[in-house]
Amino acid sequence: MNNQIEQLLKQYEQHIIGQSMNLRLLLCALFSGGHVLLEGVPGTGKTKTVRTLAQLLGGNFNRIQFTPDLLPSDITGSMIYNLHENVFETIKGPIFTNILLADEINRTPAKTQAALLEAMEEKQVTIQGETYQLPDVFFVVATQNPIEFEGTYPLPEAQQDRFLFKLIIDFPPFDDEKNVLKQNLLKTNMKENTEPLVNLEQFIQMQQAIHEVTISDQVLDYMMRIVYETRQSERIRYGASTRAAIAIGKAARAWAFMEQRDYVTPDDVKIVAKPALRHRIHLAPHIELEGASVDYVIEELVGSIPVPR
Ligand SMILES: Nc1ncnc2c1ncn2[C@@H]1O[C@H](COP(=O)(O)OP(=O)(O)OP(=O)(O)O)[C@@H](O)[C@H]1O
């Protein structure tokens, strides 16, 4: 693995315990230029995970708590009249940051959700007719609580499709969770000062290098076959979109880069397929009734497709 990336992940894993795969996938999404939906019950370290990533990259971090009364301009910004100077001034909203935690995105109505999602897609924001570019490194992690649905506004399918990955934060294994307690209660291994390990310029250079990673025709075919089969399977009501296929390709390339390879393997594709697909497909009603999970169905589907040599 690229030495700098290896260092970064090592540090990251010292701060966020027992979430190794999720940390890698989060970094993979960031390298791919995508955004992430993060699902987990409260208190499982989601905020710390995203804040620490920003610190390790030397980037700015903002957190917006999505509430029912949040307005689009509370995210993007607004224009105010400065009485002292007799001029209008643009106040840029909290979206102008490198890493944004959109906490409980499904607690706000569709209009405000759409303002964030539009900005994610267009990498720019319009305030009173003026357009402002978002930073070159702009990464949104939107959280959702998997068990509390009352008073929520579920993200429409088309909006979910805009997220490269959906990651699920589960409780860490027993011993790892005990280490979280030690970190917090005994202050062992506690690193309050998280020094950046790379800066944003270096990060952008690495991101550009990912374009050099090649994808053979057989591997492209394999990716396409996975997405195509989501539309054929009788276990799936709605299959994945073309945007999903592109997402798998981008993420697999970033994963290969993180593994210090200049070509994508079928294994890279397998690793990123689940987080790239789980929020984009809908199970058929009879499969839902059987209680099968989306992850299980994806695993079976991917496992049934011949792997190219
Ligand atoms: N895997 C972990 N590694 C390190 N610290 C953790 C981990 N999980 C939880 N914590 C600790 O648990 C506390 C709560 O974490 P945090 O606030 O990030 O959770 P959250 O999922 O964002 O919660 P909420 O949804 O309520 O905002 C913090 O003190 C954090 O240090």
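The residue count restarts for each chain, going from 1 along the sequence in the order it is written. pLDDT decides what is reported in this predicted model: residues at 70 or higher carry local features, side-chain atom pairs at 80 or more are listed and counted, and totals for whole chains, interfaces and linings draw on all residues regardless.

Colleague: Give a description of the overall build of the chain that names residues and reports values.
Modeller: In this description a helix means any DSSP run of H or I spanning at least four residues, a strand means any run of E spanning at least two, and both kinds are numbered starting from the N terminus. Helix and strand counts for the chain come out as 13 helices and eleven strands. Since a compact globule built from 309 residues should have a radius of gyration of about 19 Å, the 20 Å found for the chain is in line with a globular shape. When its C-alpha atoms are laid out on the principal axes, the chain stretches across 70 × 45 × 40 Å. Burial analysis of the chain (309 residues in total) assigns 37% to the buried set. Residue pairs at least 24 apart in sequence account for 78% of intrachain contacts in the chain once pairs closer than 6 positions are excluded. As defined in this context, the radius of gyration uses C-alpha atoms, and a globule is described by 2.2 Å times the residue total to the power 0.38. Once C-beta atoms are placed from the backbone, each residue is buried if 20 or more other C-beta atoms lie within 10 Å of its own, exposed if 12 or fewer, and partly exposed for counts between those two. Whether two residues are in contact is decided by their C-beta atoms, placed from the backbone, lying within 7 Å.

Colleague: Describe the packing of helix α1 (residues 3-15) against helix α3 (residues 46-57), with residues and values.
Modeller: Between the N-to-C directions of two axes lies an angle of 0 to 180 degrees, each axis being a line fitted to C-alpha atoms and, for a helix, fitted only over the stretch in contact. In the contact formed by α1 and α3, the axes pass within 10 Å of each other and the chain directions differ by 145°. Crossing handedness for the pair α1 and α3: right-handed. Touching Leu8, Gln11, Tyr12 and His15 of α1 are Thr52, Leu53 and Leu56, all from α3. Looking at side-chain class alone, the contact of α1 with α3 contains four nonpolar, three polar and no charged residues. Definitions for this section: a left-handed crossing has its near helix turned counterclockwise from the far helix by less than a right angle. A right-handed crossing has that turn clockwise. The residue classification treats Ala, Val, Leu, Ile, Met, Phe, Trp, Tyr, Cys and Pro as nonpolar and Asp, Glu, Lys and Arg as charged. All others, Gly included, are polar.

Colleague: Go over the environment of Lys111 with me, naming the residues and quoting the values.
Modeller: Relative to the helices and strands, Lys111 is located in helix α5 (residues 110-122). Since 11 C-beta atoms lie within 10 Å of it, Lys111 is described here as exposed. As for Lys111 and Pro72, which are separated by 39 residues in sequence, their C-alpha atoms are 7.0 Å apart.

Colleague: An account of the domain arrangement of the chain is needed here, citing residue identities and associated values.
Modeller: Along its sequence, the chain is organised into domain 1 (3-186) and domain 2 (213-303). For every domain, the bounds stem from an assignment made automatically or drawn from a database. Using only C-alpha atoms to locate each centre, domain 1 and domain 2 end up separated by 24 Å. Across the contact, 16 residues belong to domain 1 and 15 residues belong to domain 2. For the side of domain 1 that touches domain 2, the elements supplying multiple residues, two or more each, are α2 (20-32) and β9 (165-168). Broken down by element, the residue count for the side of domain 1 that touches domain 2 peaks at six residues, all from α2.

Colleague: Report on the packing of α1 against α2, specifying residues and quantitative values.
Modeller: The interhelical angle for the contact between α1 and α2, taken along N-to-C directions, is 135°, at an axis separation of 10 Å. Overall, the two elements α1 and α2 adopt an arrangement that is oblique. Where α1 crosses over α2, the handedness of that crossing is right-handed. Two secondary-structure elements touch here, α1 through Leu9, Tyr12 and Glu13 and α2 through Ser20, Leu23, Arg24 and Leu27. Looking at the contact of α1 with α2 residue by residue, the classes come out as four nonpolar, one polar and two charged. Convention used here: angles under 35 degrees read as roughly parallel, angles over 145 as roughly antiparallel, angles from 65 to 115 as roughly perpendicular, and any remaining angle as oblique.

Colleague: An account of the site of the ligand is needed here, citing residue identities and associated values.
Modeller: By definition, a residue lies near a molecule or strand when the C-beta atom built from its backbone is within 6 Å of it. Around the ligand, the structure places 16 residues, and the nearest of them are Pro42, Gly45, Lys46, Thr47 and Lys48. When residues of the shell around the ligand are traced back to their parent elements, those giving at least two are α3 and α7 (174-186). Along the lines of polarity and charge, the residues of the shell around the ligand split into five nonpolar, nine polar and two charged.

Colleague: Break down helix α10 (residues 242-258) for me, citing the residues and quoting the values.
Modeller: Between its first and last C-alpha atoms α10 spans 24 Å; for 17 residues at 1.5 Å apiece the expected length is 24 Å, and the two agree. Most of α10 is tucked away, with 13 of its 17 residues classed as buried. Expected helix span is computed as 1.5 Å times (number of residues minus one).

Colleague: An account of the sheet that holds strand β8 (residues 139-144) is requested, with residue identities and associated values reported.
Modeller: The strands making up a sheet associate through hydrogen bonds between their backbones, and the pairing can be parallel or antiparallel. One bridge is not enough; two strands pair if DSSP finds at least two bridges between them. A sheet is described by the order of its strands in space; here five strands give the open sequence β2-β5-β8-β1-β9, paired in parallel fashion. Looking at the sheet topology across the chains shown, the edges are occupied by β2 (61-65) and β9. Neighbour-to-neighbour, the strand axes of this sheet turn through a mean angle of 20°, independent of strand direction. Bridge analysis of strand β1 (residues 36-39) against β9 gives four bridges, and the strand direction is parallel.

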